[in-house]
Amino acid sequence: MKPETKKLAISLLINSILLVVLYFVAAKKFPYIWVIYLAAGAGLGLYYVIYNKGFSGKGVTPDMLPSTMSLAEKEAFIEDSRKRLHNSRWVLTLLVPILITFMLDMMYLYLFPYVEAIFS
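This is a predicted model, so every value here is computed, not measured.

1. Some details on the overall build of the protein chain
Looking only at helices and strands, the protein chain features four helices and zero strands. Reading the protein chain from its N terminus to its C terminus gives the helix and strand order α-α-α-α. Once the C-alpha set of the protein chain is aligned to its principal axes, its extents read approximately 70 × 30 × 30 Å. Across the 120 residues of the protein chain, 23% fall into the buried class. Intrachain contacts of the protein chain at a sequence separation of at least 6 include 70% that bridge at least 24 residues.

What follows is the structure, encoded as structure tokens:
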């Protein structure tokens, strides 16, 4: 594993633990913490999609691009798309933990009481 990928994986793990713990601790004193997490998740998601130009350049080859572009423009577009995807990977280390937090909260609110009711 590349050192940069390893660093991102460790960051993802640490952020996941911190954001989940922060959410459940803060939820006891501030019941509207979910609004902050939802706004942060929506903002990060929008930023990620907009910054990557809607992923319009992901997996694109020069033949797929319009013939009105020169070969140099096509190569520049493809390279810019690659760089944008690479440079925005840090957003996923925050967005994925927020999604995990909501998943765990839904399990806590709906799945655990359902399972408890089945076995009691």
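2. Quick notes on a nonpolar patch on the surface
Nonpolar side chains collect at one region of the surface, where Met106, Tyr108, Leu109, Tyr110, Leu111, Phe112, Tyr114, Val115, Ile118 and Phe119 lie side by side and expose about 1100 Å² of accessible area between them. By secondary structure assignment, the location of Val115 is in helix H4 (residues 89-119). By relative accessible area, which is 32% here, Val115 ends up partly exposed.

3. Here's the deal with unusual backbone geometry
Positive phi, normally seen in glycine, also occurs at Lys53, with a value near 55 degrees. With respect to the element layout, Lys53 can be found in the loop between helix H2 (33-51) and helix H3 (71-87). A positive phi is found at Phe55, a non-glycine position, where the angle reads about 60 degrees. Summarising the element assignment, Phe55 is placed in the loop between H2 and H3.

4. Looking at the packing of aromatic side chains
Tallied over the entire structure, the rule returns eight aromatic pairs. Pairing Tyr23 with Phe24 gives two aromatic rings, centres 5.2 Å apart and planes at 85 degrees, and the pair type is edge-to-face. With a relative accessible area of 26%, Phe24 lands in the partly exposed category. Ring geometry for Tyr23 versus Phe102: centroids 6.2 Å apart, planes at 70 degrees, classification edge-to-face. One end of the pair, Tyr23, is in helix H1 (residues 3-29); the other, Phe102, is in helix H4, and 79 residues separate them in sequence. Here Tyr23 matches Phe102 in class, with each residue buried. Cluster of aromatic residues (ring-pair linked, three or more members): Tyr23, Phe24, Tyr37, Phe102 and Tyr108.

5. Observations concerning the pattern of salt bridges
Working definition: two side chains of opposite charge can pair if their charged atoms are close together. All chains considered together, the criterion is met by four salt bridges. Its salt-bridge partner being Lys53, residue Asp80 comes within 3.3 Å of it at the nearest N-O pair. With Asp80 in helix H3 and Lys53 in the loop between H2 and H3, this residue pair connects regions lying 27 residues apart in the sequence. Under the relative-accessibility criterion, Lys53 is labelled partly exposed at 40%. Salt bridges linked by common partners bring Lys53, Asp80 and Arg84 together as one network.

Conventions we followed
Residues numbered from 1 in each chain as written. Predicted model: local features only at pLDDT ≥ 70, side-chain atom pairs only at ≥ 80, totals over all residues. Heavy atoms only, no water. Helix = DSSP H or I, 4+ residues; strand = E, 2+ residues; numbered from the N terminus. Buried < 20%, exposed > 50% of the residue type's maximum accessible area, 1.4 Å probe, protein only. Contact = heavy atoms within 4.5 Å. Patch = residues over 30% accessible without salt bridge, like charges linked within 9 Å, V, L, I, M, F, W, Y side chains within 5 Å. Areas by Shrake-Rupley, 256 points an atom, 1.4 Å probe, with all protein chains shown as cover. Salt bridge = Lys/Arg side-chain N within 4 Å of Asp/Glu carboxyl O. Phe/Tyr/Trp six-rings, centres within 6.5 Å; stacked < 30°, edge-to-face > 60°.

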